[in-house]
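Chain by chain, the residues run as shown.
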Amino acid sequence: MAEKKAARGMLQLKKELEDGVIKQLYLLYGSERYLIREYKDRLLSKLVSAGDTLNFTVFSGSVPDIPSLLDLARTMPFLSERRVILIEDSGFFLKASDDLIDGLSEIAETTVLIFIEPDVEKSTGITKAVDKRGRLYKLLDKAEGAYSFDTPDDKTLLTWIKSRLASAGRTPEGSVPERLLDAAGRDMMGLENEMEKLISYTMGKDHVTVKDVEAICISEVEEKVFEMIDALSSHDRARALRLYSDLLYLKEAPMKIIALIRRQYLILLKLKHMQKDGTPKSSQAKLAGIPPYYLKNYEKQAAGYSYDNLLKCCDACFDASLRIQQGTLSDRDSLEQLILLLLKDEKNRRE
């Protein structure tokens with residue numbers, strides 16, 4: 001059996017641009033919108049002269065008329081080396097007409113077509129914008145113009161965070177990059193936004209501390225987990241599912257999401273126990289390990305559960321982690337099974 005060919009990605013495109021290699025057909029796709037945007041800009045900077053509106057056309061957010069698109073692609077550029085056509089979010093790579101696929105073989109040699117097709121966020125989760133089984137993708141792949149942009153591993157992200165802060169004149173102290181990654185998640189667009197806030201917050205300083213990160217960067221993952229359990233405690237299943245979809249979009253590791261869900265239920269369990277024992281309210285927040293101003297929100301959540309319900313939820317989280325560690329389920333499947341179990345428990349409590 002032939003060995004499966006690795007998908008081209010950021011490193012290949014970066015090297016080709018540095019070497020001056022220009023192709024006629026480009027497809028930038030995948031889950032990491034930040035990298036797709038960065039390399040789209042690099043391509044355009046390389047291919048399009050500033051202010052050249054005669055030889056640069058953009059189709060964005062709508063499906064272009066295919067005969068008009070092909071006519072434009074066959075047209076020679078005006079007083080320029082090439083004509084560049086940028087097509088964004090077209091949906092062509094899920095269902096493309098034969099006219100488009102066949103017509104691409106007839107475009108002018110001076111035309112460059114760039115397709116930008118990032119994955120799409122929907123209420124049901126992340127939808128792929130490219131079907132690799134389709135004729136159009138196979139055409140771009142054969143022409144070596146298809147480039148996949150997915151979220152880098154943690155080591156790469158940590159290096160990028162240090163480099164990004166350094167470019168703004170900030171030296172991260174200690175575990176700042178790791179804490180920032182924990183707070184903002186693995187989505188590079190979200191990380192970029194949090195770093196912009198952090199850079200503004202530390203104006204006039206040449207270093208960034210963990211306290212700076214904790215002061216300015218709210219953990220979006222922890223916030224979504226809190227909101228999801230709040231939705232479960234108030235019997236809002238639709239909101240709980242929507243928040244679970246949001247968690248998937250943040251690209252946090254399923255094992256960490258399970259740990260955060262369990263931590264949330266353990267806090268509620270502690271509160272229930274203290275309420276049962278008559279612990280003074282002034283001491284409850286400190287003993288539960290939460291800021292005092294959040295106590296009312298946690299009390300509201302705890303009111304939606306009995307002590308036994310919370311014990312069951314904590315046990316379900318432990319079991320989900322155990323299944324991952326033992327290898328009986330993948331981390332994603334184990335997380336989804338846990339969410340379904342919690343939703344079922346919410347239904348039973350309501351009934």
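Residues numbered from 1 in each chain as written. Predicted model: local features only at pLDDT ≥ 70, side-chain atom pairs only at ≥ 80, totals over all residues. Heavy atoms only, no water.

### Details of the packing of aromatic side chains
In plain terms, the rule: Here a pair means two rings of Phe, Tyr or Trp (six-membered ring of Trp) with centres within 6.5 Å. Their orientation is stacked below 30 degrees between planes, edge-to-face above 60, and tilted elsewhere. In this text, helices come from DSSP runs of H or I with a minimum length of four residues, and strands from runs of E with a minimum of two, each type numbered from the N-terminal end. Relative accessibility under 20% of the residue-type maximum defines a buried residue, over 50% an exposed one, and the middle range a partly exposed one, all with a 1.4 Å probe and only protein chains included. Each ring is checked for a lysine NZ or an arginine CZ that lies within 6 Å of its centre and within 35 degrees of its normal; such an atom marks a charge sitting over the ring.
Counting across every chain of the model gives 7 aromatic pairs. Seen from their ring centres, Tyr 34 and Trp 160 are 5.2 Å apart, and the 65° between their planes marks the pair as edge-to-face. Within this pair, whereas Tyr 34 is found in helix 2 (residues 33–47), its partner Trp 160 is found in helix 6 (residues 154–167), the two being separated by 126 residues in sequence. Across this residue pair, the class does not change: Tyr 34 and Trp 160 are buried. Ring centres of Phe 93 and Phe 115 lie 5.2 Å apart, and the angle between their planes is 80°; this geometry places the pair in the edge-to-face category. Taken as a pair, Phe 93 in the loop between strand 3 (83–88) and helix 4 (98–103) and Phe 115 in strand 4 (residues 111–118) lie far apart in primary sequence, 22 residues in all. Residue Phe 93 is classed as buried on the basis of its relative accessible area, which comes to 3%. The exposure class assigned to Phe 115 is buried, which follows from its relative accessible area of 0%. Against the face of Tyr 307 rests Lys 276, its NZ or CZ located 5.6 Å from the ring centre.

### A look at helix 11 (residues 237–249)
Stated precisely, the cut-off is as follows: How far a helix is expected to stretch is found by multiplying one less than its residue total by 1.5 Å.
Its 13 residues give helix 11 an end-to-end C-alpha distance of 19 Å, which sits within 8% of 18 Å, the value for a rise of 1.5 Å per residue. All of the buried residues in helix 11 are Ala 240, Leu 243, Tyr 244, Ser 245, Asp 246, Leu 247 and Leu 248.

### Side note on the packing of helix 12 (residues 254–277) against helix 15 (residues 307–326)
Keep this limit in mind: An axis is simply a line fitted to the C-alpha atoms; with a helix, the fit covers only the stretch in contact. Between two such axes, the angle follows the N-to-C directions and lies from 0 to 180 degrees. Oblique is the label for any angle not under 35 degrees, not over 145, and not in the 65 to 115 range, which are roughly parallel, roughly antiparallel and roughly perpendicular in turn. Helix crossings fall into two classes, left-handed where the near helix is turned counterclockwise from the far one by less than a right angle and right-handed where it is turned clockwise. Contacts were defined at the residue level, with two residues in contact if any of their heavy atoms lie within 4.5 Å.
It is at 9 Å that the axes of helix 12 and helix 15 come closest, and there the two elements cross at 155°. The angle between helix 12 and helix 15 falls in the class roughly antiparallel. In this structure, helix 12 crosses over helix 15, and the sense of that crossing is left-handed. Residue-level contacts link Met 255, Ile 258, Ile 261, Arg 262, Tyr 265, Leu 266, Leu 268, Leu 269, Lys 272 and His 273 of helix 12 to Tyr 307, Leu 310, Leu 311, Cys 313, Cys 314, Cys 317, Phe 318, Ala 320, Ser 321, Ile 324 and Gln 325 of helix 15.

### Some points on unusual backbone geometry
The phi dihedral of Asp 89 falls on the positive side, at around 55°, and the residue is not glycine. Considering the arrangement of structural elements, one finds Asp 89 in the loop between strand 3 and helix 4.

### A look at the sheet that holds strand 4
Applicable threshold: What makes two strands pair is DSSP finding at least two bridges between them.
The strand order across the open sheet built from 5 strands is 2-3-4-1-7, with neighbouring strands paired in parallel fashion. Each of the sheet's edge strands pairs with one partner strand only, and the pair in question is strand 2 (56–60) and strand 7 (146–148). Each adjacent strand pair in this sheet contributes to an overall mean axis angle of 15°, direction not counted.

### Here's the deal with the environment of Glu 178
Residue position: Glu 178 is located in helix 7 (residues 176–184). Spatially, the C-alpha atoms of Glu 178 and Lys 155 are 9.8 Å apart, while their sequence positions differ by 23 residues.

### What to know about a nonpolar patch on the surface
Counted only if it meets this: The patches reported here contain residues having more than 30% relative accessible area and no salt bridge. Joining distances are 9 Å for like charges and 5 Å for nonpolar side chains (Val, Leu, Ile, Met, Phe, Trp, Tyr). Per-residue accessibility takes into account occlusion by the displayed protein chains alone, with areas from the Shrake-Rupley method and a 1.4 Å probe. Here a salt bridge means any side-chain nitrogen of Lys or Arg lying within 4 Å of a carboxyl oxygen belonging to Asp or Glu.
A cluster of nonpolar side chains, Leu 54, Phe 78 and Leu 79, forms an exposed patch at the surface whose accessible area comes to about 390 Å². Looking at the secondary structure, you find Leu 54 in the loop between helix 2 and strand 2. Residue classification places Leu 54 among the exposed residues on the basis of a relative accessible area of 54%.

### Describing the pairing of strand 3
Convention followed: Looking down the strands as they point away from you, a crossover is right-handed if its path from the first strand over the helix to the second goes clockwise.
With 6 of 6 residues buried, strand 3 lies mostly within the body of the structure. Burial along strand 3 is two-sided: the residues Arg 83, Ile 85 and Ile 87 and Val 84, Leu 86 and Glu 88 are all buried. Sheet topology note: the strand 2/strand 3 ladder contains 5 bridges and is parallel. Residue Val 58 lies in a different strand from strand 3, and its bridge partner there is Leu 86. Traced from strand 2 through helix 3 (residues 66–74) to strand 3, the parallel crossover comes out right-handed. Pairing analysis gives 6 bridges linking strand 3 to strand 4, with the strands arranged parallel. Residue Val 84 lies in a different strand from strand 4, and its bridge partner there is Val 112. Since strand 3 and strand 4 lie parallel, the crossover through helix 4 that links them has a hand, and here it is right-handed.

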